[in-house]
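# Reading the structure
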Amino acid sequence: MGLRPIAPNEWLPGRISANEYDRKRKLLTDPAAGVFAAIDGSLRGQQHILDAVTRCVGCAEGECDLEAAPIVRAAMLVPDDLCLMEEIDGAYCLTAACVCAPSYWRLVEKIGRSLDGIHAPVPTLNDKLAASMRQFFERLPDDAIFERRNWLLHTNDALYQPVADTWHAVTDEEVATLIVRSERQTLRRLDPTTIAFTIRVTCHRLGEIVSHRDAARDLIDALHGLDDAEREAKGFRYFAPAVTKFLSRIE
């Protein structure tokens, strides 16, 4: 799973920028965007997330929209997307979320689902990690925060990407303009049955990697380590030849 423990002061570094606040607010006012969802009975857990985020980054008087759901109010304080995972009938389920930077998925397809259901679109992900994910959620200790990163290659740097890119065979001339999209994800227990899952997306052009040789080598290793289902989900066959060739030139 690639998780590592972090200190509490590293959980949500930095307040939301004015531009990101405006971007989120615009999405939240568009019902078609589908960036907020919650099931009945999730308000208590949402309030736990709001309380935790407010303690971490603060909230000036009048800054929070008191009419919004608690998890939305929390998400408007930080650049991160926020997901509430609660234990229901022995399984952790996504009961509320504000996700304004989805990577090839829609919240309506995930809300209310268990961990296994959330990851079902990539079958081998459950085969590899389902048991360890369930154990981690069950055993996550109080006051502990864990962090991991993942990545995707995209054709553009738009943060809101609920639908997969329309890929074509990437040429050597355009490979450096591909976007390495990285998600910093954290898990933090809020109470015995409630966990906050956060996602912060950053985007960089692949060409920028030339000054980070270790990162280039890591990306090559990651490409080689993908199974068939993961390759299909990431658009591997379209970009892999050009990307591998480009990265291999970095010494």
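Whatever comes next refers back to the structure up there.
Remember, it's a predicted structure, so these values are computed and weren't measured experimentally.

Turning to the sheet that holds strand β4 (residues 91–98), a few remarks are in order. The strand order across the open sheet built from seven strands is β1-β5-β6-β7-β3-β4-β2, with neighbouring strands paired in antiparallel fashion. Across the chains shown, the open sheet's two edge strands, defined by having one partner strand only, are β1 (4–6) and β2 (36–38). The mean angle between the axes of side-by-side strands here comes to 35°, regardless of whether they run parallel or antiparallel. Across three bridges, β1 lies against strand β5 (residues 145–154) in antiparallel orientation. Along β5, the bridge assignment pairs Ile 6 with Ile 145.

A separate point is the packing of aromatic side chains. With the rule as written, the count across this model stands at four aromatic pairs. Between Trp 167 and Phe 239 the ring centres are 5.3 Å apart and the planes differ by 50°, which places this aromatic pair in the tilted class. On the criterion of sequence distance, the pair formed by Trp 167 in the loop between β5 and β6 (179–191) and Phe 239 in helix α8 (residues 236–248) is long-range, its members being 72 residues apart. The pair formed by Trp 167 and Phe 239 is uniform in burial state, with each residue classed as buried. Arg 188 extends its terminal NZ or CZ atom over the ring of Trp 11, reaching a point 4.6 Å from the ring centre. Over the aromatic face of Phe 236 sits the side chain of Arg 231, whose NZ or CZ is 4.2 Å from the ring centroid.

Next up on the list: unusual backbone geometry. Despite not being glycine, Asp 89 has its phi angle at roughly 55°, a positive value. With respect to the secondary-structure elements, Asp 89 resides in the loop between β3 (81–88) and β4. Its relative accessible area of 82% is what places Asp 89 among the exposed residues. Backbone geometry places Tyr 104, a non-glycine residue, at a positive phi of 70°. Tracing the chain through its elements places Tyr 104 in the loop between β4 and α4 (115–118).

Approximately 470 Å³ is the volume found for the second largest pocket. Taken together, 16 residues form the lining of the second largest pocket, with Trp 151, Val 180, Ser 182, Ile 209 and Ala 215 sitting closest to its centre. Breaking the lining of the second largest pocket down by element, the ones donating at least two residues are β5, β6, β7 (194–205) and α6 (213–224). Take the lining of the second largest pocket: its biggest share by element is four residues, from α6. Residues that form the lining of the second largest pocket fall into these classes: seven nonpolar, five polar and four charged.

Counting residues in each nonpolar core, the largest one holds 27 residues, and the members touching the most others are Trp 11, Ile 49, Val 53, Ile 71, Val 72 and Leu 82. Counting residues per element, the ones that place at least two in this core are α2 (43–57), α3 (70–75), β3 and β4. Among the elements that line this core, the one with the most residues is α2, at five residues. Residues contacting Val 53, with those up to four places away along its chain left out, are Trp 11, Leu 12, Gly 58, Ala 74, Leu 77, Val 78 and Leu 82. Listed in part, the 24 residues of the second largest apolar core include Tyr 104, Trp 167, Phe 239 and Val 243.

Moving on, we get to the side chain of Gln 46. Relative to the helices and strands, Gln 46 is located in helix α2. Residue classification places Gln 46 among the buried positions, given a relative accessible area of 2%. Ignoring sequence-local partners within four residues, the contact set of Gln 46 consists of Phe 36, Ala 38, Ala 69, Pro 70, Ile 71, Leu 84 and Ala 96.

This part takes up the environment of Asp 143. The topology assignment puts Asp 143 in the loop between α5 (123–139) and β5. Along the backbone, Asp 143 and Leu 12 are 131 residues apart, and their C-alpha atoms lie at a distance of 14 Å.

Calculation rules
Residues numbered from 1 in each chain as written. Predicted model: local features only at pLDDT ≥ 70, side-chain atom pairs only at ≥ 80, totals over all residues. Heavy atoms only, no water. Pairing = 2+ DSSP bridges. Helix = DSSP H or I, 4+ residues; strand = E, 2+ residues; numbered from the N terminus. Axes fitted to C-alpha atoms, helices over the stretch in contact; angles between N-to-C directions. Phe/Tyr/Trp six-rings, centres within 6.5 Å; stacked < 30°, edge-to-face > 60°. Buried < 20%, exposed > 50% of the residue type's maximum accessible area, 1.4 Å probe, protein only. Lys NZ or Arg CZ within 6 Å of the ring centre and 35° of its normal. 1 Å grid on protein atoms, 1.4 Å probe; cavity = no way out; pocket = protein on both sides within 12 Å on 5 of 7 lines; lining within 4 Å. Points joined across faces, edges and corners; volume = space filled by probe spheres on them. Nonpolar A, V, L, I, M, F, W, Y, C, P; charged D, E, K, R; others polar. Core = buried A, V, L, I, M, F, W, Y, C linked by side-chain atoms within 4.5 Å. Contact = heavy atoms within 4.5 Å.

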